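The primary structure of each chain is shown beneath.
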Amino acid sequence: MDQVRYGIIGYGKIGSQHVGKIMDGQVPNLRLTAIADTDPARLAAAREKLGDSVRYFDTAEALIGSGETEAVHICTPHYLHPPLAIRALENGLHTLVEKPAGVYTRQVREMNAVAARHPELKFAMDFNQRTDPAYIKARELVRGGAVGEIVHTHWLITNWYRSQSYYDQGGWRATWKGEGGGVLLNQNPHNLDMWQWIVGMPSRVRSQVYYGRHRRIEVEDDVIAMAEYPNGAIGTYITTVIDAPGTNRLEIDGTRGRLVVENGKLHLDALEMDEHEFNRTWTKGLGKPKMTGSDIPVEGVYTAHVGIMTNFCDAILHGTPLLAGGEEGINGLQISNAIHLSDWTGGGWVDLPVDEELFCRLLAEKCGGSLPQ
Ligand SMILES: NC(=O)c1ccc[n+]([C@@H]2O[C@H](COP(=O)([O-])OP(=O)(O)OC[C@H]3O[C@@H](n4cnc5c(N)ncnc54)[C@H](O)[C@@H]3O)[C@@H](O)[C@H]2O)c1
């Protein structure tokens, strides 16, 4: 079988998980040839596991310039995603980036511009939830008109529970300098991507964001946001790290009915008559459109990171379309940055795309004066 010579940059929690799956033979269309990490202890851990089967580099740049790989998977903390991706792309390497695409849209836009100058290279995001059959089906239904024109979208995503002891592990997590945010930047990039992937991008956003309200952290742990879409539809988005067990419920209401995605299950309530038509023709006072409810079968398997890595390598080897193109990483981040910016500027509406210079200036203030490099 053809294999892509593959390098992992950042052998931390997620990088080592990917390596474990690769070594288990779960991604047969790639051959792990190199690992880079700036932390000698992490490199030693990799060497202990993999021995001489791969080459080791103490900087990402050394791996990128080594000629040992055709593709890299960037698994470092968020701020480093765009600069390392740019470096890899400019060195002729196919590049898969962990979520989030970056911390602020300006750096992600720069990354996307470099990728656009290299159409011969595959550039992808590790949005593993795009392999979840429930969301794939939801997107197909919504885009196929099953709920008609979207009127409301609500995502209650409160099952990202994190205890104080999780945050007390320290490191780059839950700091402005380390990751540029909290639950929005660390846990929610998946959901924000999925939200826009299924219902499209909002035109403006407003929010109320709470920082260190329930945990001793400087970044946000509780978020309530509202979105408005180009067609006038309204969305709400609520996330937190403190609810246990929490809820993960996406509801999309349209003129033809309602779709709910919850716990991997889909339920569609289809109206017999378009609500606009019902409202125009109904003359008997109290009453509402008749509907038929049904659970929608979800077929397929959630392949997560294995699915994304396999797809990325299939794209390189055979031209298979990417499940999550790299340039799409900016969309969820636009919403995330807009949620922050609204709160930082008094909670009013923030138009998308966000004012990047203002966002960067306010984020830099939180980082102590300048943005981390
Ligand atoms: N797609 C997902 O579901 C998913 C899941 C977990 C983490 N992530 C993302 O992966 C990234 C890493 O998260 P993690 O939990 O593995 O963090 P981590 O801190 O456990 O690992 C990061 C590793 O990168 C190394 N590193 C830092 N700077 C480097 C550099 N310049 N060059 C090479 N290596 C460097 C660190 O030494 C560390 O070993 C984050 O952006 C996170 O959001 C994605």
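Numbers given to residues run from 1 along each chain, matching the order in which its sequence is written. Side-chain atom pairs in this predicted model are given and counted only at pLDDT of 80 or more, local residue features only at pLDDT of at least 70, and totals for whole chains, interfaces and linings cover all residues.

> Let's hear about the overall build of the chain: which residues, and what values?
Helices and strands together make up the secondary structure of the chain, namely 14 helices and 15 strands. Here the chain has a C-alpha radius of gyration of 22 Å; the compact-globule value for 373 residues is 21 Å, and the two agree. In terms of principal-axis extent, the alpha carbons of the chain reach across some 80 × 50 × 40 Å. Looking at the chain residue by residue over its 373 residues, the buried ones come to 44%. The numbering of helices and of strands both runs from the N terminus, where a helix is a DSSP run of H or I of at least 4 residues and a strand a run of E of at least 2. Just to be clear, the radius of gyration here is over C-alpha atoms, and the globule rule we use is 2.2 Å times residues to the power 0.38. Each residue is classified by how many other C-beta atoms fall within 10 Å of its C-beta atom, where C-beta atoms are placed from the backbone; a count of 20 or more means buried, 12 or fewer means exposed, and values in between mean partly exposed.

> Outline the sheet that holds strand S11 (residues 248–254), supporting the account with residue identities and numerical values.
At least two bridges found by DSSP between two strands are what make those strands a pair. Spatial ordering of the open sheet is given by S14-S13-S12-S11-S7-S10-S9-S8-S15, a layout of nine strands whose pairing is mixed. Where the open sheet ends on each side, the last strands, each with one partner, are strand S14 (291–296) and strand S15 (350–351). Alignment of S11 against strand S12 (residues 257–262), held across six bridges, turns out to be antiparallel. Across the sheet, the residue bridging to isoleucine 252 is leucine 259, located in S12.

> So what's going on with the site of the ligand? Which residues, and what values?
Every one of the 25 residues lining the ligand counts as a neighbour, but Gly10, Gly12, Lys13, Asp39 and Glu98 are closest to it. When grouped by side-chain class, the residues that make up the shell around the ligand number eight nonpolar, 10 polar and seven charged. In this analysis a residue is considered near a molecule or strand if the C-beta atom, reconstructed from its backbone, is found within 6 Å of that molecule or strand. Ten residues, namely Ala, Val, Leu, Ile, Met, Phe, Trp, Tyr, Cys and Pro, are considered nonpolar, four, namely Asp, Glu, Lys and Arg, are considered charged, and the remaining ones, Gly among them, are considered polar.

> How would you explain the sheet that holds strand S1 (residues 4–9) if you had to name every residue and give the values?
Pairing in this open sheet of six strands is parallel, and the strands run S3-S2-S1-S4-S5-S6 from one edge to the other. One side of each edge strand has no neighbouring strand; the edge strands of this open sheet are strand S3 (55–57) and strand S6 (123–126). Each adjacent strand pair in this sheet contributes to an overall mean axis angle of 25 degrees, direction not counted. Here six bridges tie S1 to strand S2 (residues 30–36), and the two strands are oriented parallel to one another. The residue of S2 that forms the bridge with tyrosine 6 is leucine 32. Axes here refer to lines fitted to C-alpha atoms; in helices the fit is confined to the stretch in contact. Angles between the N-to-C directions go from 0 to 180 degrees.

> Outline the domain arrangement of the chain, listing residues and values.
Domain delimitation follows an automatic or database domain assignment. Its domain assignment divides the chain into domain 1 (4–129 + 304–331) and domain 2 (130–200 + 213–223 + 231–301). Using C-alpha coordinates to define each centre, domain 1 is positioned 29 Å away from domain 2. Across the boundary between the two partners, domain 1 contributes 16 residues, which contact 14 residues of domain 2. When residues of the side of domain 1 that touches domain 2 are assigned to their parent elements, the largest contribution, three residues, is made by helix H12 (residues 304–318). Taken together, the residues of the side of domain 1 that touches domain 2 break down into 10 nonpolar, five polar and one charged. Each residue is represented by a C-beta atom placed from its backbone, and any two residues with such atoms within 7 Å are regarded as in contact.

> Give a detailed account of the nonpolar core, specifying residues and quantitative values.
Take the buried Ala, Val, Leu, Ile, Met, Phe, Trp, Tyr and Cys residues, join any whose C-beta atoms are within 7 Å, and the set you get is a nonpolar core. Counting residues in hydrophobic clusters, the biggest one holds 97 residues, and the most contacted among them are Ile9, Leu30, Ile198, Leu259, Phe312 and Ile339. Two domains share this core, each providing at least three of its residues, namely domain 1 (4–129 + 304–331) and domain 2 (130–200 + 213–223 + 231–301). Beyond its immediate chain neighbours, meaning those up to four positions away, leucine 30 contacts Gln3, Val4, Tyr6, Ile22, Met309 and Cys313.

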